[in-house]
Structure formats: structure tokens, C-alpha cells
Amino acid sequence: MAAPNSYYDLYRHGSLGVALTDSLDELIGDERIDPQLAMKVLTQFDRVIAETLQEKVKARLTFKGSLDTYRFCDEVWTFLIRNVTFKLDNGAQTIQADKVKIVSCSSKKTEDK
């Protein structure tokens, strides 16, 4: 039996993940790859992007805003924040946004704990 996917698929909804999914869909449509291979590629993408972000990204930021809504469902926190100001760790740059959605998950899925 194959091991369950132990990484979230959150990054598939970003521009890189959408481009990858579109390319895989096109390859499946042209019958150049099987859907099973496409799923293996997406699973590998989930793993590599999560590991790379954890290992390589060292920048930190702080943010301040008004919490509009929050929810906790299936071990995933979702925060909707309005009038947000982000400050990068060096304090040299600030970024403003009207609203921001933050999705926060444990680094391990529940079945892996």
C-alpha cells in the first residue's frame, strides 16, 4: 500500500502550482502522460515546495491589522485580516493591504503525528 500524502496541497493554488496543474492537464488531455503520473508529480511538488520553504526562507516579517474573521477546522486556522501593515524584518520596507487571508497548518498532517 502506498504511503499517504503527508504534505498539504496549499501551494498548488499559487501561481507556480496552477501553472504546473495546467501543464499536467494539457499533457493528460494529449494522452502524453497518465493521470497517475500527474498525481505523482503533484505529490512531489507538494513535498519539495514545503521542504524548500522550510529550509531556505529565513526572512521574517511582522504584521498589524484588524482581525475580521477566524476559523479553526480540520487542524487548519484561517484568518481574514483588514487594513494590514506588513514590516519586513530589517524594518526598511512596509507594505499595506486592504485585506489579507492567512491559512496556517501544522507542519505535519494529523495522521503523521
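Criteria and cut-off values
Residues numbered from 1 in each chain as written. Predicted model: local features only at pLDDT ≥ 70, side-chain atom pairs only at ≥ 80, totals over all residues. Heavy atoms only, no water. Helix = DSSP H or I, 4+ residues; strand = E, 2+ residues; numbered from the N terminus. Contact = heavy atoms within 4.5 Å. Areas by Shrake-Rupley, 256 points an atom, 1.4 Å probe, with all protein chains shown as cover. Axes fitted to C-alpha atoms, helices over the stretch in contact; angles between N-to-C directions. Parallel < 35°, antiparallel > 145°, perpendicular 65-115°, else oblique. Left-handed = near helix turned anticlockwise from the far one by under 90°. Nonpolar A, V, L, I, M, F, W, Y, C, P; charged D, E, K, R; others polar.

(A) Just the overall build of the protein chain, in detail. Within the protein chain, the secondary structure is distributed over 2 helices and 3 strands. A sequence separation of at least 24 residues applies to 43% of the contacts in the protein chain between residues at least 6 apart. For the protein chain, the accessible area works out to roughly 9,000 Å², and carbon and sulfur atoms hold 53% of it.

(B) Region of the structure containing the packing of helix 1 (residues 15-29) against helix 2 (residues 35-56). One can describe the packing of helix 1 onto helix 2 by two numbers: an axis separation of 10 Å at closest approach and a directional angle of 165 degrees. Between helix 1 and helix 2, the angle is such that the two are roughly antiparallel. Crossing geometry of helix 1 relative to helix 2 is assigned as right-handed. Note on element contacts: helix 2 touches helix 1 through Pro35, Ala38, Val41, Leu42 and Phe45, opposite Leu16, Gly17, Leu20, Thr21, Leu24 and Ile28. A breakdown of the residues in the contact of helix 1 with helix 2 according to their chemical character gives 9 nonpolar, 2 polar and no charged.

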